[in-house]
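For reference, the chains in residue letters:
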Amino acid sequence: MATSQDRDAREPERDAKRLKTDARAAPGAEAARESRVSAFEPQRVLRDSAREKNVFIHGKIDDQEAVVILEKTPIRQDTLPEIFKTSTLRLEMRNDIYSTFHMQPPSHLNEIKTTVICPATEKHVKKYLHQEIFLIEESGDDYRNITLPYISSQSFSVQWVYNILEKKAEADRIVFEDPDAHVGFVLLPDFKWDQKQLDDLYLIAIVHRRDLKSLRSLTSDDLPLLRNIREKGLEAIQKQYCVPPCKLRVYLHYQPSYYHLHVHFTSLDYEAPGCGVERAHLLSDVIQNLEADSSHYRHRSLSFALRADDALLLRFREAGKL
Ligand code: DD3
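Residues numbered from 1 in each chain as written. Predicted model: local features only at pLDDT ≥ 70, side-chain atom pairs only at ≥ 80, totals over all residues. Heavy atoms only, no water.

### Things to note about the side chain of Lys113
Thinking step 1. With respect to the helices and strands, Lys113 occurs in strand β6 (residues 112-117).
Thinking step 2. A polar atom in the side chain of Lys113 sits 3.0 Å from the backbone oxygen of Phe191. (Helix = DSSP H or I, 4+ residues; strand = E, 2+ residues; numbered from the N terminus. Polar contact = N/O pair within 3.5 Å; in protein donor to acceptor, adjacent residues only side chain to side chain.)

Spelled out as structure tokens, the structure:
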């Protein structure tokens, strides 16, 4: 399935503030990949939110398990003149000074961001089912005795990360790269951002090093890497999107969704999922903590929330830690 992201080529750098605006033309080569989405047979809604205007659906594409996420995107200010000029209007009701309408904008101003995971595993399906969550306080020893063995036993695939680092996927979406093997990284838009508006800007910096799993792996030896990501990541975002460092939240997740070190850059104006205190660790705090104590993240307790159906939660429970 072709999302709007992979359809649009990256805008030239000279035009810093321009974002992806046109996702219309997608004939020919994309047709085959898109047809798989039209073959999607929805089976059940895993989760939906009227407030977030999205729906997560489990179903099948050609007999393969699939999860499809549909999301209405924010209305872009620069499309307002066209919306009012070209939409068809149907009056719903009029009362005193108040009236409501059904407005139908032309199709290119009325897109639904679509994400497809196919073939989807049981884990993907579970991930989007609503679940009760519990807070864990993980000591350094808990990490070594419970969490690390769990992570190692799971062989979570980070193939998609290696594809990005090796330019086998999303190469045209890379915003900045420092190719250095020790302090280098690739900066690109996260899946969650369709790049149509700056309001929900979301980029990730993925490090070239493959020996760093998470925050827990970091020592003062990694300070040059972390400082490099902060400095060059912020600079690249300022250059490409005209968004200054004071408008960005730069942080690591613990637990992360994937165990290959990466840093999140999100718009301060956007309450990104996972930016709460039980998951987000500001990069600047991480740097200062490591400056003060090289083994800070080896020894300190870290809190995080786990879903009731998370296998890691079961391991903490079995160890009598919950
Ligand atoms: C993921 C965490 C992972 C579902 C979904 C996303 N940004 C990604 C593959 C390519 C990407 C990401 C897992 C997976 Cl929707 C399950 O995220 C990705 N490419 N977050 C980018 N740019």
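### What to know about the sheet that holds strand β2 (residues 54-61)
Thinking step 1. Ordered by their spatial adjacency, four strands build an open sheet running β1-β2-β3-β6, and the pairing between neighbours is antiparallel. Single-partner strands in this sheet number two, and they are β1 (41-49) and β6. Averaged over all pairs of adjacent strands, the angle between their axes in this sheet comes to 20 degrees, without regard to strand direction.
Thinking step 2. Pairing geometry for β2 and strand β3 (residues 64-72), over eight bridges, is antiparallel. Directly across from Val55, in β3, lies its bridge partner Leu70. (Pairing = 2+ DSSP bridges. Axes fitted to C-alpha atoms, helices over the stretch in contact; angles between N-to-C directions.)

### Observations concerning the packing of helix α7 (residues 223-241) against helix α8 (residues 283-292)
Thinking step 1. Interhelical geometry of α7 versus α8 gives an angle of 155 degrees and a closest axis separation of 10 Å. The orientation of α7 with respect to α8, classified from their angle, is roughly antiparallel. Like other packed secondary-structure pairs, α7 and α8 cross with a definite hand, here left-handed. In contact with Leu223, Leu226, Arg227, Ile229 and Arg230 of α7, α8 contributes Leu283, Ser284, Val286, Ile287, Leu290 and Glu291. (Parallel < 35°, antiparallel > 145°, perpendicular 65-115°, else oblique. Left-handed = near helix turned anticlockwise from the far one by under 90°. Contact = heavy atoms within 4.5 Å.)

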